[in-house]
Amino acid sequence: MNPSPILELQQVSKSYGRIKALKAIDLCIPPGSVFGILGPNGSGKTTLLSIVLDVLAADKGRYLWFGQEGGPEVRRKIGSLLETPNFYHYLSGEDNLRVTSSISGRGQSPEAITKALQIVKLEERRKSRFSTYSLGMKQRLAIAAALLGDPAVLVFDEPTNGLDPVGIAEIRELIRQLHAAGHTIIMASHLLDEVEKVCSHMAILKSGQIITTGSVEEVLADEDIVEVSAADN
Ligand code: ATP
């Protein structure tokens, strides 16, 4: 028997005026996976993640986290990075995390902040101003913010976007480490290569529809599917 999904979408649809961004999406995300949602620009990845994070309302359908419909208890188990938080440039990385945790009410203890900084390997630069951070460091600080409160699930939208090769490699390695530490990870990407390298499971989203889903091995065994998704990237 398959384990109960950590996240299940049932017939989720969303339109922006005439644009049908998501068309009756059904999707199951298994616990313990690094689940990649692969799709070209405009395929609906951000819309899908925004809906399951309660940032956007779906027009139709429903989604269940841990078998339940919403609520603060459920929300506390999910950390997310949809877009880079508005960190203060003149504050240190550590002080920015303090501000973030006091706003969100998550992981407010000094120990929680230190742990998050250690995980993303920013402990040595904790006292440096945010403005002095490289793009990769800024992204790692954003991931540290998502880690506050030690959520079971982490949701990342295009976590390596805009980074140089070193920054990309660091974030991919961090995702692997977070998975090894027991987090389930859901990430959107437009890069087949990234999903192949980092994810255990995946779905391909195209024009608002899931065209296939399964383990990365299963999906990539289908040459037709690989051709379609590679052509889009
Ligand atoms: P990208 O990687 O470019 O962000 P995506 O796969 O995340 O793409 P979405 O951003 O979810 O895709 O967009 C899906 C469709 O909905 C696209 O056609 C996009 O232009 C449209 N769209 C997204 N947000 C809005 C909005 N606020 N108003 C109108 N149309 C929107």
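Quick caveat, the model's predicted, so the values are computed rather than measured.

I keep staring at the overall build of the protein and nothing clicks. Help me out?
Across its full length, the protein carries nine helices and nine strands. Computed over C-alpha atoms, the radius of gyration of the protein comes to 18 Å, within 12% of the 17 Å expected from 2.2 N^0.38 for 233 residues, which places it in the range of a compact globule. Projecting the C-alpha coordinates of the protein onto the three principal axes gives extents of approximately 50 × 40 × 40 Å. Here the protein holds 233 residues, and 46% of them are scored as buried. Pairs at least 24 residues apart make up 65% of the contacts formed inside the protein by residues separated by at least 6 positions. For the protein, the accessible surface area stands at approximately 11,500 Å², while carbon and sulfur atoms represent 51% of it. Counting 24 positive and 28 negative side-chain charges, the protein places the centres of these two groups 8 Å from one another.

Even after reading the chapter, I still don't get the site of the ligand, so can you show me in this structure?
The local shell around the ligand consists of Tyr16, Ile19, Ala21, Pro40, Asn41, Gly42, Ser43, Gly44, Lys45, Thr46, Thr47 and Glu158. One nitrogen or oxygen atom from the main chain of Ser43 is found 3.1 Å from an oxygen atom belonging to the ligand. Contact between the ligand and Thr47: an oxygen atom at 2.5 Å from a side-chain N or O atom of the residue. Burial of the ligand by the protein chains amounts to 58% of its free accessible area of 620 Å². Looking at the shell around the ligand, the elements with two or more residues in it are strand S2 (19-29) and helix H1 (45-52).

Any chance you could explain unusual backbone geometry here in plain terms?
Among all residues except glycine, the phi angle is most often negative; among peptide bonds, the trans geometry is most common. Located in the positive-phi region is Asp150, a residue other than glycine, with phi close to 50°. With respect to the secondary-structure elements, Asp150 resides in the loop between helix H5 (135-147) and strand S6 (153-157). Even without being glycine, Glu158 reaches a positive phi, approximately 45°. Tracing the sequence through the fold places Glu158 in the loop between S6 and helix H6 (165-180).

What's the story with the sheet that holds strand S4 (residues 60-65) in this structure? I'm lost.
To summarise the sheet geometry, strands pair through backbone hydrogen bonds and adopt either a parallel or an antiparallel arrangement. The strand order across the open sheet built from three strands is S2-S1-S4, with neighbouring strands paired in antiparallel fashion. Both outer strands of the open sheet, S2 and S4, are each paired with one neighbouring strand and no more. Pairs of neighbouring strands in the sheet enclose a mean axial angle of 20°, with direction left out of account. Where strand S1 (residues 7-16) meets S2, seven bridges bridge the pair, whose relative direction is antiparallel.

What should I look at first to understand H1 in this one?
Along an α-helix, residues three or four positions apart point the same way, because every turn accommodates 3.6 residues. Summarising burial for H1: seven of the eight residues are buried, a large majority. Listing the buried residues of H1 in full gives Lys45, Thr47, Leu48, Leu49, Ser50, Ile51 and Val52. A positive backbone phi angle near 65° is found at Asp54, which sits one or two residues after H1.

Is there a simple way to think about the pairing of strand S3 (residues 34-38) in this case?
Most of S3 sits out of view: five of its five residues are buried. Of the two faces of S3, the one carrying Val34, Gly36 and Leu38 and the one carrying Phe35 and Ile37 are both buried. Here S3 pairs with strand S7 (residues 184-189) via five bridges, running parallel. Residue pairing in the sheet places Ile37 in a bridge with Ala188 of S7. Two strands pair when backbone bridges link them, and S3 and strand S8 (residues 201-206) are joined in this way by four bridges, in the parallel orientation.

What counts, and where the lines are drawn
Residues numbered from 1 in each chain as written. Predicted model: local features only at pLDDT ≥ 70, side-chain atom pairs only at ≥ 80, totals over all residues. Heavy atoms only, no water. Helix = DSSP H or I, 4+ residues; strand = E, 2+ residues; numbered from the N terminus. Rg over C-alpha atoms; globule rule 2.2 N^0.38 Å. Buried < 20%, exposed > 50% of the residue type's maximum accessible area, 1.4 Å probe, protein only. Contact = heavy atoms within 4.5 Å. Areas by Shrake-Rupley, 256 points an atom, 1.4 Å probe, with all protein chains shown as cover. Lys, Arg positive; Asp, Glu negative; His and termini not counted. Charge placed at Lys NZ, Arg CZ, Asp CG, Glu CD. Near = heavy atom within 4 Å. Polar contact = N/O pair within 3.5 Å; in protein donor to acceptor, adjacent residues only side chain to side chain. Pairing = 2+ DSSP bridges. Axes fitted to C-alpha atoms, helices over the stretch in contact; angles between N-to-C directions.

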